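Structural overview for review
Read off the chains here:
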Amino acid sequence: MLTPLSWIKEFVDIPASITATEISDALIRVGFEVEEIIEKGSNITGPLAFAKVLSIEEITDFKKPIRYVGIDCGEGTTRFVICGATNFVVGDMVVAALPGAVLAGNFTITARDTYGKISNGMICSVRELGIGDDHAGILVLNSNDVEIGADAIVGLQINDVIFDVSINPDRGYALSIRGMAREVAGSLGLKFRDPVDALRKLEFKESGQGLRAKIADPSTASVFYLRTISNFDPKATTPLWMRRRIEKMGMRSISLVVDVTNYVMLELGQPLHAFDTSKIKGGLIVKRAGEIQAFTTLDGQVRQLDPDDLMVCDDEKPLALAGTMGGAFSEISQTTTDIALEAVRFDPTLIAKNSRRHKISSEASRRFERSVDPSLAEFASARCVQLLSAHSSAQHVATAVAGEPRYAPVVTIDPAKISTILGIEIPPKKIAEVLRVIGCDVDEKNFAVDPPSWRFDLVTVSDFAEEVARMIGYDSIPSLLPPRPLHASMTPDQKRRRAVASMLASRGLVEVQTFPFTNQATIDAMGFTGDRAATYRVSNPMSEEFPLMRVHLVPGLIEVAQRNINRGAKDFAIFEMGSIFRSSKKLVPAISPQLSARPEQKLIDEIIASVPPQGYHVAGVLVGKVENEDWQGKSREYNWTDAIALAEDILELCNLKWTVARSDLAPWHPGRCAELIIDGKAVAHAGEIHPRILEAYGLPARSVAFAVALNALPLSQLVRPIKVGTMPAALQDVALIVDEAVNAQSVEAALREGAGALLESITCFDRYDKIGDGKISLAFTLTFRAPDRTLTADEVSAMREAATAVAFAKCGAVVRTA
């Protein structure tokens, strides 16, 4: 926000010895960012004088219009100057730069012979005076605002310092001269004169029947002041001093009514809106639009209203987009004589929604969405009536009020807690003094603190601690490192996730991250149905193309693979770890507890229970070749065994036991998908991706994928120590013939059961499927070891026979003899 020092000085007596840099440092010290210090008028010197145009001689001997102008600069004689502008007439008041003056751009004025005439000075435009960018014509002034011959540098307030201050979202009160002046005074230890104090006793006589005010829903606005004004002269102009203050703050002068509402907003922080009373039917009501309809705003844009939009309406139609922008129908025009002045404290969230929904960021909406002082509706509207009455023929008719201001509650705090939070001992008396500086009322007996009306955010002891910290200066708080936590460590889940990611990366897979959003077309394309297709819709999606939360990681990885193939990649393996979202429960409205004290355990349980479950998965997609052809051998494509092996490696890393079964689950190829089961529950799937999906996304045939639900895995130790045997191991190979429907894992389990306690490990090293008659051969290596002796041949043979016997009994496995 642009903040003129001259306006701040109206409310704070700043000694001349304090420089602009020191004021900037003071603002920075209390938490504001000063982006720039602009010294206006530093490159302009006089003499500059207000002058009246006495005569105009048109010189027509040249291609462009040239005027030889006689002006009265209060010197007793007429001064003549050459001018190329044509936007003024005899009798107008202008600004004349006399010989010796230096204008913006280091332009020195001298008397010179030009166009066959002597030009003894220059008539100035706004840009030449350094007070704006307009160079289309001469600055023409109202004769009531200036005096002939007076110093224009003083009259136009050219010399000034303007601070460009960045205002944080929680400092809405600082979007006003009142707020900034209070901060400057508090930081520098100076006395602050609140402009509102002069308005508290301001009263207006009622001279007739005014419009009525109403708030349809108390949750949309707390208080509504509606002041009816009549007998306004549309020809009344904005006084020069007001125009200059508005312009210094980056706004342009429009008309007296609009300028006064803007001036009061800049001065106090309360946005106002003026309606043409003749366009209003009945009274004014703050309510929601209620239906989709067209509405034309002041900028001439036709906008489609949402039923939830907050509006200011009369008895028949909407007149303004509340707190954001007025409507074209009821705007103040050049014929307006009766005015309805609206001042409302709207709900900040609703105004923010208005602004975002219609992509309008106005000066009013920026203040309302940061929250406005509830008490200002009364005082700002009174200040507006005061200024209109003083500078025009306007008369107050009546004032209507709806609702009442709502303020932050009184908070009892422990001053010792503030010292604990800040890590520095601060006496309670000093804390009370600081809190009074920012506007709080403090009862030092019990330290009950009543926050000021403009600080709705002061509700907990931490909020007050922050205020104390910034007012005493962050540099006064010692820089000490916090003590190291005694038991800082990752949770078992975090350790597991990190171990899995490290293992996959070590196997050559590249980790990727995708947005957790998808759309219904992708869900349908993947073949997800039922609960696996149910998800949540995002209320304000980053992109309308992806409005849903993802239900699986594999679709996002397939899209990443497609993008990389389109960019020339051929052979790669990628994986991702992240949450998936399935609509397994109905959402409830968000629960927002009071934070001044720890919520009750019941409420905490309700909050936790209200959050829908979010599965945490790891998934990967393998595309192309795993090995290229070279002098050592032929190339090899990724196949379903690679995907299953990676899924099994993850479970093996977690020291878990599992079984494998066939599965028919999207998006995998039916019959070429394996399901990994722990304790009767499927926790992972792996295999070939469905050919239909591969074709749709342009992936190579037989590309594979795996997915493991990490959140479904039982807790286990990542490190499971084993004893290292010192005795010799005995190895026995056994080949078994089984039905092709019997899986190797079942046979391995039977062998383990029959082999006994001395079996150290078992490995399937061969599968032969050329036997015929629906039979296959599975070959295993059994490793036996005793901890205290060398096993004899008879012992090993007996254990081998016992193992094959159980395999025959449970799986029908017959020892292959040839």
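As shown above, the structure is provided for reference.
Residues numbered from 1 in each chain as written. Predicted model: local features only at pLDDT ≥ 70, side-chain atom pairs only at ≥ 80, totals over all residues. Heavy atoms only, no water.

1. Here's the deal with the sheet that holds strand S5 (residues 78–83)
The following threshold applies: Paired strands, in this sense, are two strands between which DSSP finds at least two bridges. Secondary structure elements are taken from DSSP: a helix is a run of H or I of four residues or more, a strand is a run of E of two residues or more, and numbering for both begins at the N terminus.
On the basis of which strands lie adjacent, the open sheet formed by five strands has the order S5-S4-S3-S6-S11 and antiparallel pairing. Among the strands making up the open sheet, the edge pair consists of S5 and strand S11 (122–123).

2. Description of the packing of helix H10 (residues 415–422) against helix H12 (residues 461–472)
Working note: a packed helix pair is described by the angle between its axes plus the distance between those axes. Heads up, the rule is: For helices, the axis comes from a line fit to the C-alpha atoms of the stretch in contact; other axes are also lines fit to C-alpha atoms, and the angle between any two N-to-C directions lies between 0 and 180 degrees. Here is the rule for angles: anything less than 35 degrees is roughly parallel, anything more than 145 is roughly antiparallel, 65 through 115 is roughly perpendicular, and the remaining ranges are oblique. We call a crossing left-handed when the near helix sits turned anticlockwise from the far one by less than a right angle, and right-handed when that turn is clockwise. Contacts between residues were defined by any pair of non-hydrogen atoms, one from each residue, lying within 4.5 Å.
Contact pair H10 / H12: the axes reach a minimum separation of 9 Å and the direction vectors enclose 65°. Of the possible angle classes, the one that applies to H10 and H12 is roughly perpendicular. In terms of crossing hand, the pair formed by H10 and H12 is right-handed. Where H10 approaches H12, its residues Lys-417, Ile-418, Ile-421 and Leu-422 are matched on the opposing element by Val-461, Ser-462, Phe-464, Ala-465, Val-468 and Ala-469.

3. Here's the deal with the side chain of Ser-222
Within the fold, Ser-222 resides in strand S14 (residues 221–230). When neighbours within four sequence positions are excluded, Ser-222 is seen to be in contact with Ile-215, Arg-345, Ala-402, Gly-403, Glu-404, Pro-405 and Arg-406.

4. Some details on the sheet that holds strand S26 (residues 448–450)
If you walk across this open sheet you meet the three strands as S24-S26-S25, and the pairing is antiparallel. The two strands at the open ends of the sheet, each matched to only one other strand, are strand S24 (411–412) and strand S25 (441–443). The pairing of S25 with S26 spans three bridges and is classified as antiparallel. Within S26, the position partnered with Asp-441 by the bridge is Asp-450.

5. A word on unusual backbone geometry
Across residues other than glycine, the phi torsion is negative in most instances, and most of the peptide bonds are trans. Going by this rule: Type-normalised accessible area, obtained with a 1.4 Å probe on protein chains alone, sets the label of each residue: buried when under 20%, exposed when over 50%, and partly exposed for intermediate values.
Backbone torsion omega between Ala-666 and Pro-667 reads 10°, so that peptide bond is classified as cis. Its place among the elements puts Pro-667 in the loop between strand S34 (659–663) and strand S35 (668–678). With a phi angle near 55°, Asp-679 is a residue other than glycine that sits in the positive phi range. Structurally, Asp-679 can be placed in the loop between S35 and strand S36 (681–689). A positive phi angle, near 60°, is found at Asp-773, a position not held by glycine. Its relative accessible area of 78% is what places Asp-773 among the exposed residues.

6. Let's talk about the nonpolar core
Stated precisely, the cut-off is as follows: To form a nonpolar core, buried Ala, Val, Leu, Ile, Met, Phe, Trp, Tyr and Cys residues must be joined to one another through side-chain atoms within 4.5 Å.
Counting 106 residues, the largest nonpolar core has Phe-224, Phe-346, Leu-388, Leu-435 and Phe-464 as its most contacted members. Those residues within four positions of Leu-435 in sequence are excluded, and the remaining contacts are Ile-413, Cys-440, Val-442, Val-449, Phe-464 and Val-468. Judged by nonpolar contacts, the second largest core, of 34 residues, contains Met-503, Ala-573, Tyr-616 and Ala-647.

7. A short note on the pattern of salt bridges
Put simply, the test is: We define a salt bridge as a contact between a side-chain nitrogen of Lys or Arg and a carboxyl oxygen of Asp or Glu at a distance within 4 Å.
Scanning the entire structure with this criterion turns up 44 salt bridges. A salt bridge links Asp-308 to Arg-288; the nearest nitrogen and oxygen atoms lie 2.7 Å apart. With a gap of 20 residues between them, Asp-308 in the loop between strand S18 (302–305) and strand S19 (310–313) and Arg-288 in strand S16 (residues 284–288) connect regions that are remote in the sequence. For Arg-357, the salt bridge goes to Asp-308, with nearest N and O atoms at 3.9 Å.

8. Points about the packing of aromatic side chains
Going by this rule: The rule is short: rings of Phe, Tyr and Trp, with Trp giving its six-membered ring, pair when the centres are within 6.5 Å, and they are stacked under 30 degrees, edge-to-face over 60, tilted in between. Charges are assigned to positions over rings by a cutoff of 6 Å between ring centre and Lys NZ or Arg CZ, combined with an angular limit of 35 degrees from the ring normal.
With the rule as written, the count across this model stands at five aromatic pairs. Consider the rings of Tyr-68 and Phe-80, whose centres lie 5.2 Å apart with planes at 15°: the pair is stacked. In this pair, Tyr-68 sits in strand S4 (residues 66–72) while Phe-80 sits in strand S5, placing the two residues 12 residues apart along the sequence. Since its relative accessible area comes to 14%, Tyr-68 is described here as buried. When its relative accessible area of 33% is taken as the criterion, Phe-80 is described as partly exposed. Considering the side-chain rings of Phe-346 and Phe-368, the 5.1 Å spacing of their centres and the 75° angle between planes classify their relative orientation as edge-to-face. Highlighted residues: Phe-346 in strand S22 (residues 339–346) and Phe-368 in helix H8 (residues 363–368), separated in sequence by 22 residues. Looking at Phe-346, the relative accessible area reads 1%, which means it is buried. Through a chain of ring-to-ring contacts, the aromatic side chains of Trp-7, Trp-241 and Tyr-263 assemble into a single cluster. The residue whose ring lies beneath Arg-182 is Trp-454, and the NZ or CZ to ring-centre distance is 3.7 Å.

9. Quick notes on the pairing of strand S6 (residues 93–97)
Residues in a regular strand point their side chains to alternate faces of the sheet. Burial of S6 is extensive: five of the five residues sit out of reach of the surface. Taking every second residue as pointing to the same face, both faces of S6 are buried, with Met-93, Val-95 and Ala-97 on one and Val-94 and Ala-96 on the other. Note that strand S3 (residues 48–59) and S6 share five bridges and pair antiparallel. Bridged to Ala-51 within S6 is Val-94. Two strands pair when backbone bridges link them, and S6 and S11 are joined in this way by two bridges, in the antiparallel orientation. Within the sheet, the bridge partner assigned to Ala-97 lies in S11 and is Met-122.

10. Description of the pairing of S18
Side-chain alternation along S18 places Arg-303 and Leu-305 on a buried face and Val-302 and Gln-304 on a face that remains uncovered. Looking at chain direction, strand S17 (residues 293–296) and S18 are connected through four bridges and run antiparallel. Along S18, the bridge assignment pairs Ala-294 with Gln-304. In textbook terms, the turn of a hairpin is the stretch between consecutive antiparallel strands, and for S17 and S18 this stretch comprises five residues, one of which, Gly-300, has a positive phi near 85°.

11. So, the packing of helix H13 (residues 492–506) against helix H17 (residues 640–653)
Rule in force here: Polar here means any residue outside two lists: the nonpolar Ala, Val, Leu, Ile, Met, Phe, Trp, Tyr, Cys and Pro, and the charged Asp, Glu, Lys and Arg; Gly therefore counts as polar.
In contact at an axis separation of 10 Å, H13 and H17 are set at 140° when each is read in the N-to-C sense. With respect to their mutual orientation, H13 and H17 come out oblique. When the axes of H13 and H17 are compared, the crossing they make is right-handed. Here Ala-499, Val-500, Met-503 and Leu-504 of H13 come into contact with H17, specifically with Leu-646, Asp-649, Ile-650 and Leu-653. Considering only residue class, the contact of H13 with H17 consists of seven nonpolar, no polar and one charged.

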